[in-house]
Amino acid sequence: MNAGVILLLTLALGIMLFLIQRAEKRRRRLVALVMAGLAFLLWYFANFRQLGSEFSASLLLALLLNLLFWLLIGRYNPVGDSDSGIRVLGMDD
């Protein structure tokens, strides 16, 4: 297995999973659909280049890293809603 390919695929898949995880509730389905399309293109490219085992390993690693992020940070800092507005710390308005 090629470690460089695994690292790049893990980074790409991890960012895709992170974007799905941190999307707003109303937009999560659209973001998941777009990311699934990009993941399919990545899978197709990996199969074309005969990198199936590297893709599988990187997918598992990306899932594990996103699970760890969710356990340690994501549960305690939920995704905000765009309707609530932006709060600036230190402002008394």
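These remarks concern the structure in this document.

Here is what the cut-offs are and how they apply
- Residues numbered from 1 in each chain as written.
- Predicted model: local features only at pLDDT ≥ 70, side-chain atom pairs only at ≥ 80, totals over all residues.
- Heavy atoms only, no water.
- Helix = DSSP H or I, 4+ residues; strand = E, 2+ residues; numbered from the N terminus.
- Rg over C-alpha atoms; globule rule 2.2 N^0.38 Å.
- Contact = heavy atoms within 4.5 Å.
- Lys, Arg positive; Asp, Glu negative; His and termini not counted.
- Charge placed at Lys NZ, Arg CZ, Asp CG, Glu CD.
- Core = buried A, V, L, I, M, F, W, Y, C linked by side-chain atoms within 4.5 Å.
- Buried < 20%, exposed > 50% of the residue type's maximum accessible area, 1.4 Å probe, protein only.

Some thoughts on the overall build of the chain
1) Next: A tally of regular secondary structure across the chain gives 3 helices and 0 strands.
2) Next: Mapped in sequence order, the helices and strands of the chain form the string α-α-α.
3) Next: Scaling as 2.2 N^0.38, a compact globule of 93 residues should have a C-alpha radius of gyration of about 12 Å, whereas the chain reaches 17 Å, well beyond that.
4) Next: Overall size of the chain, expressed as C-alpha extent along the three principal axes, is 60 × 25 × 20 Å.
5) Next: When contacts within the chain are restricted to residue pairs at least 6 apart in sequence, those whose partners lie at least 24 apart make up 76%.
6) Next: Computed over 9 positive and 6 negative side-chain charges, the separation of the two mean positions in the chain equals 10 Å.

Describing the nonpolar core
1) Next: Counting residues in hydrophobic clusters, the biggest one holds 9 residues: Val5, Leu9, Leu13, Met16, Met35, Ala46, Leu51, Phe55 and Ala62.
2) Next: Only helix H1 (3–21), helix H2 (28–48) and helix H3 (52–74) provide two or more residues apiece to this core.
3) Next: Looking at this core element by element, the count peaks at 4 residues for H1.
4) Next: Those residues within four positions of Leu9 in sequence are excluded, and the remaining contacts are Leu42, Glu54, Phe55 and Ser58.

The quantities given are spatial measurements derived from coordinates; they are silent on function.
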